[in-house]
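# What the coordinates show
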Amino acid sequence: MIDPDGLIVDVVTIQCRAVIRRDVVARVGIGAALVGDVEVVDCSADVDLVVEAVAEGMAASGTVSARWTGPCRRCLTRVEGTIGVEIREIFEAEPTEGETWPITDERIDLAPAVREAVLLALPLAPLCEESCRGPEPDRFPTGAPDDRRPSGDSRWAILDGLSFDDPRRPD
Ligand SMILES: [Zn+2]
């Protein structure tokens, strides 16, 4: 279940030290999130964060993870995976653009920070497997590891005496 407000944390009780820290463990919506053809599944991420008072204001630290899906860059097979990143974000009343996040009306919204962390961690060009050679490796060599038999391997020596008619070979 996705809690739309799950990333808004009321910081008053933390700031006045009634509570030292607050754990935020939830699956939360981060909106449509995609980079190229790779997108976050269900527009959601799992967070396991601790929000606590620090000198600057508030800090949120812990892990953010999300599932993604997208096409293999070589064969276009649909690939799925999971990313997980450690974050430590600072929230302050007067944030520094691009570095810290705002505290607004005594609250912090973790969603933009989580969303940014997920977007940065998405794979830019996923592969179905490291050795994927694409749909037509002869026409479109990918530079992937070659799965043809290695030369000089004695286990294949018996095949050296055989010849094959390769229908693709021009006469
Ligand atoms: Zn592939």
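Below is a short write-up of the structure. Note that this is a predicted model, so its numbers are computed, not measured.

### Observations regarding the coordination of the zinc ion
Looking at the zinc ion, one finds its protein donor set to be Cys72 (SG), Cys75 (SG), Cys128 (SG) and Cys132 (SG), positioned 2.3 Å from the metal centre. Around the zinc ion, the four donor atoms are arranged such that angles at the metal cover 104 to 112 degrees; this shape is classified as tetrahedral. The sequence pattern formed by the donor residues of the zinc ion is C-x2-C-x52-C-x3-C. With Cys75 in the loop between β6 (58-71) and β7 (78-92) and Cys128 in the segment after α2 (111-121), this pair connects stretches of sequence that are 53 residues apart.

### Let's talk about unusual backbone geometry
Excluding glycine, a negative phi dihedral is what most residues carry, and trans is how most peptide bonds are arranged. Within the chain, Asp42 stands out as a residue other than glycine whose phi angle is a positive 60 degrees. Within the fold, Asp42 resides in the loop between β4 (38-40) and β5 (44-53). Taking the relative accessible area as the measure of exposure, Asp42 reaches 52% and is therefore exposed. Residues other than glycine seldom take positive phi values, yet Glu106 does so here, at roughly 65 degrees. With respect to the secondary-structure elements, Glu106 resides in the loop between β8 (101-102) and β9 (107-109). Among the residues examined, Glu106 registers a relative accessible area of 42% and is labelled partly exposed.

### Things to note about the environment of Glu52
Locating Glu52 in the fold gives a position in strand β5. Overall, Glu52 belongs to the partly exposed group, its relative accessible area being 23%. Residues Glu52 and Ile20, 32 residues apart in the sequence, show an inter-C-alpha distance of 6.3 Å.

### Concerning the pattern of salt bridges
The tally for this structure, following the rule as stated, stands at three salt bridges. For the salt bridge of Arg21 with Asp23, the shortest nitrogen-to-oxygen distance reads 3.3 Å. Overall, the relative accessible area of 43% leaves Arg21 in the partly exposed class. Its salt-bridge partner being Arg27, residue Asp46 comes within 2.9 Å of it at the nearest N-O pair. Here the residue Asp46 occupies a position in strand β5, and Arg27 occupies one in strand β2 (residues 21-29), the gap between them amounting to 19 residues. Arg27 gets classed as partly exposed once you look at its relative accessible area, which sits at 34%.

What counts, and where the lines are drawn
- Residues numbered from 1 in each chain as written.
- Predicted model: local features only at pLDDT ≥ 70, side-chain atom pairs only at ≥ 80, totals over all residues.
- Heavy atoms only, no water.
- Donors = N, O, S within 2.8 Å, 3.2 Å for Na, K, Ca; no water.
- Tetrahedral: all angles 85-135°; square planar, octahedral: opposite > 155°, others 65-115°.
- Helix = DSSP H or I, 4+ residues; strand = E, 2+ residues; numbered from the N terminus.
- Buried < 20%, exposed > 50% of the residue type's maximum accessible area, 1.4 Å probe, protein only.
- Salt bridge = Lys/Arg side-chain N within 4 Å of Asp/Glu carboxyl O.

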